[in-house]
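A structural walkthrough
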Amino acid sequence: MAKLFNRAKMTTSTTGTGTITLGSASSGFQSFAAAGVSNGDVVQYVIEEANNFEIGTGTYSTSGTTLTRNVQESSNSDNAISLAGNAVVFISAVASDLNILQDAGSTKVAATSSGATVTGNIAVSGTVDGRDIATDGTKLDTVETNADVTDSSNVGSSLTGFATGTDAGSSDLIPVYDVSASAWEKQTIANAALQGPTGPTGPTGGTGPTGPTGQKGQKGEVGNTGPTGGTGPTGPTGPQGQKGQKGQTGSTGPTGSQGPTGPTGGTGPTGPTGQKGQKGEVGSTGSTGPTGPQGPTGSTGPTGSQGQKGQKGQTGSSGGTGPTGPTGPTGSQGPTGNTGPTGGTGPTGQKGQKGQKGQTGSSGGTGPTGPTGPTGQKGQKGQTGTFSGSGSYAADAWVNFNGSGSVSIRDDEGVSSITDVTTAQFRVNWSSNFGNANYQVDGLGNNINVGSEGSQIDTFRYSMLTSYVPIVYTRYAAGFDPTTCTISATGN
């Protein structure tokens, strides 16, 4: 049982639900040590903080001056309250202490529902109910030695005074004087009366009624957790999902408004057109036909100062081409005025199929050029059409970039980035993977610092992948990167 001490109350700055560290004695009270608490003593404590309380027993330690917490009752459903650092703890009797008498934490008398339980000896110096227990106790000490069991007048009448019973059983006890041992002893009636030979075993009696079910035992402790089982085998890989459909082409953006037309100077006569070269086969570029003789050039008016270049607008979705205005009459050539600022680029119309080239007609007068509308936003890439084996077709991905120094992309379609591997070697990374690595790639490169001739791009030195193609500028041995490099790819 926990010990009690007088007027012991102290502060604590401990937080949480663990062992508390005692601070200083509260005003008007004394510390646990001053109240007589010794190291290792178990005391009855009460903790209070704001509206929270905790009652329990704890072991006091002089090391660090701490007190453990064994909670009996609390405002937190009889669990330890979580302290915030502003609590007080004091030693106090609780309701259960009023039912007992103790000495140094050891219970001597405990009140019960049927009376009292006494632990230890009772020393009485007075009387109980008028009887001198101390004096009468000496008489009780000689009762056994002074008893006369041969007193026939008293003992006999006492025995015959018992009630006569009719339910004696073989297991009932009677006093018997054992002559061989010269001593009194008790025996069952069966042993005393049936000293002859043992008779045959009687028939087995019927089974008695089942006794009441015993109370349910306490729940056993939870067993230790068993070892973790081995990892099961990996299940089979599920089937690959179908390829998602390609998104629809975005709607065409609105056509920009047409700006005012500036005056146009007169056009000089056009020289005769040379003969057209034969059309090369699709694939590698055919040789260029001979150029016809150039006609005389008309006189050119003085060039006006060039206006500042406007910022490039975002590429819009391909809109339809607006109608061309009628050609106005050609006025007399006056002095060339200053060049006005360049208007925004108009939206690009959808690309039609390539028609056959007709013969060159005579040059008519040039109509006034309208200002360039703003560039529309870049449209989404349309679905790839089937290749019929003839006619023109567009590449699925292409790029024009500067590979000298820090790589920079001038323009592209379907290219996410360019990786600079080393001198004259690059990796073109596609925005969307090809269906396989059997696509077709063409390319040319040039370095304006070492000559104007074009050099081939080697795309077969390393294996192509569906996500990128490695390329080599054929002048890499000279240690040059291309200042201009174009790559196009077509495939599934």
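Structure first, text after, so check above.
My aim in this report is to walk through the structure given alongside it, one point at a time. Here the structure is a predicted model, which means the values were calculated and not measured. (Residues numbered from 1 in each chain as written. Predicted model: local features only at pLDDT ≥ 70, side-chain atom pairs only at ≥ 80, totals over all residues. Heavy atoms only, no water.)

Focus on the overall build of the chain
- Looking only at helices and strands, the chain has four helices and 24 strands in total.
- Buried residues in the chain amount to 18% of all 492 residues.
- Once local pairs closer than 6 in sequence are excluded, the contacts in the chain between residues at least 24 apart make up 59%.
- Element-wise, carbon and sulfur atoms account for 49% of the exposed surface of the chain, whose accessible area totals about 36,000 Å². (Helix = DSSP H or I, 4+ residues; strand = E, 2+ residues; numbered from the N terminus. Buried < 20%, exposed > 50% of the residue type's maximum accessible area, 1.4 Å probe, protein only. Contact = heavy atoms within 4.5 Å. Areas by Shrake-Rupley, 256 points an atom, 1.4 Å probe, with all protein chains shown as cover.)

Considering the packing of aromatic side chains
- For the structure shown, the criterion picks out six aromatic pairs.
- When the centroid spacing of 5.4 Å and the interplanar angle of 65° are considered together, the rings of Y177 and W184 count as edge-to-face.
- The interplanar angle of 85° and the centroid separation of 5.5 Å between the aromatic rings of W430 and F434 together place this pair among those described as edge-to-face. With respect to class, W430 is no different from F434; both count as buried. (Phe/Tyr/Trp six-rings, centres within 6.5 Å; stacked < 30°, edge-to-face > 60°.)

Comments concerning the environment of G435
- Counting through the fold element by element, G435 comes out in the loop between β20 (425–430) and β21 (440–446).
- Put simply, G435 and G491 are 56 residues apart on the chain and 8.1 Å apart in space, counted from C-alpha to C-alpha.
- Setting aside chain neighbours within four positions, we find G435 in contact with T466 and N492.

Points about the nonpolar core
- Counting residues in each nonpolar core, the largest one holds 20 residues, and the members touching the most others are F401, V428, W430, Y439, V469, I471 and I487.
- Among the elements of the structure, β17 (397–402), β19 (415–422), β20, β23 (468–473) and β24 (484–490) are those that each provide at least two residues to this core.
- Setting aside anything within four residues of it in sequence, one finds W430 in contact with A397, G414, V415, S416, Y439, L465, T466, S467, Y468, V469 and A489.
- One finds A35, Y60, L67 and I81 within the second-largest nonpolar core, a separate group that totals 18 residues. (Core = buried A, V, L, I, M, F, W, Y, C linked by side-chain atoms within 4.5 Å.)

A short note on a nonpolar patch on the surface
- On the surface, a cluster of nonpolar side chains totalling about 400 Å² of accessible area is made up of Y177, V179 and W184.
- Its location among the elements puts Y177 in strand β15 (residues 173–178). (Patch = residues over 30% accessible without salt bridge, like charges linked within 9 Å, V, L, I, M, F, W, Y side chains within 5 Å. Salt bridge = Lys/Arg side-chain N within 4 Å of Asp/Glu carboxyl O.)

A word on the pairing of β19
- Relative to β20, β19 runs antiparallel, the two being bridged by six bridges. By the bridge assignment for β20, T422 is matched with Q425.
- In textbook terms, the turn of a hairpin is the stretch between consecutive antiparallel strands, and for β19 and β20 this stretch comprises two residues, one of which, A424, has a positive phi near 65°. (Pairing = 2+ DSSP bridges.)

Structural notes on the environment of N39
- Locating N39 in the fold gives a position in the loop between β3 (20–21) and β4 (42–49).
- Once the C-alpha coordinates of N39 and T59 are considered, the two residues, 20 residues apart in sequence, prove to be 8.2 Å apart.
- Beyond its immediate chain neighbours, meaning those up to four positions away, N39 contacts Y60, S61 and T62.
- For N39, the side chain forms a polar contact with the main-chain nitrogen of T62, separated by 2.9 Å. (Polar contact = N/O pair within 3.5 Å; in protein donor to acceptor, adjacent residues only side chain to side chain.)

Considering the pattern of salt bridges
- Under the definition given, this model contains two salt bridges.
- Between D41 and K3 there is a salt bridge, with its nearest N and O atoms 3.1 Å apart. On the criterion of sequence distance, the pair formed by D41 in the loop between β3 and β4 and K3 in the segment before β1 (9–12) is long-range, its members being 38 residues apart.
- The exposure class assigned to D41 is buried, which follows from its relative accessible area of 10%.
- What makes K3 partly exposed here is its relative accessible area of 23%.
- With a closest N to O distance of 2.6 Å, R69 and E54 form a salt bridge. Placement of the pair is R69 in the loop between β6 (66–67) and β7 (70–74) and E54 in strand β5 (residues 52–61), with a sequence separation of 15 residues. You'll find R69 and E54 in the same group, each marked buried.

As for the side chain of D41
- Here the side chain of D41 touches K3 through a polar contact of 3.1 Å, side chain to side chain.
- Contacts of D41, omitting those with residues within four sequence positions, involve K3, F5, G36, G58, T59 and Y60.

Regarding the pairing of strand β9 (residues 87–91)
- Within β9, four of the five residues are buried, which leaves it mostly tucked inside the rest of the structure.
- By the bridge criterion, four bridges tie β1 to β9 in an arrangement that is antiparallel. Of the residues in β9, the one forming a bridge with M10 is V89.
- Strand direction decides the pairing type here: β4 and β9, joined by four bridges, are antiparallel. When the bridges of β9 are listed, V46 appears paired with F90.

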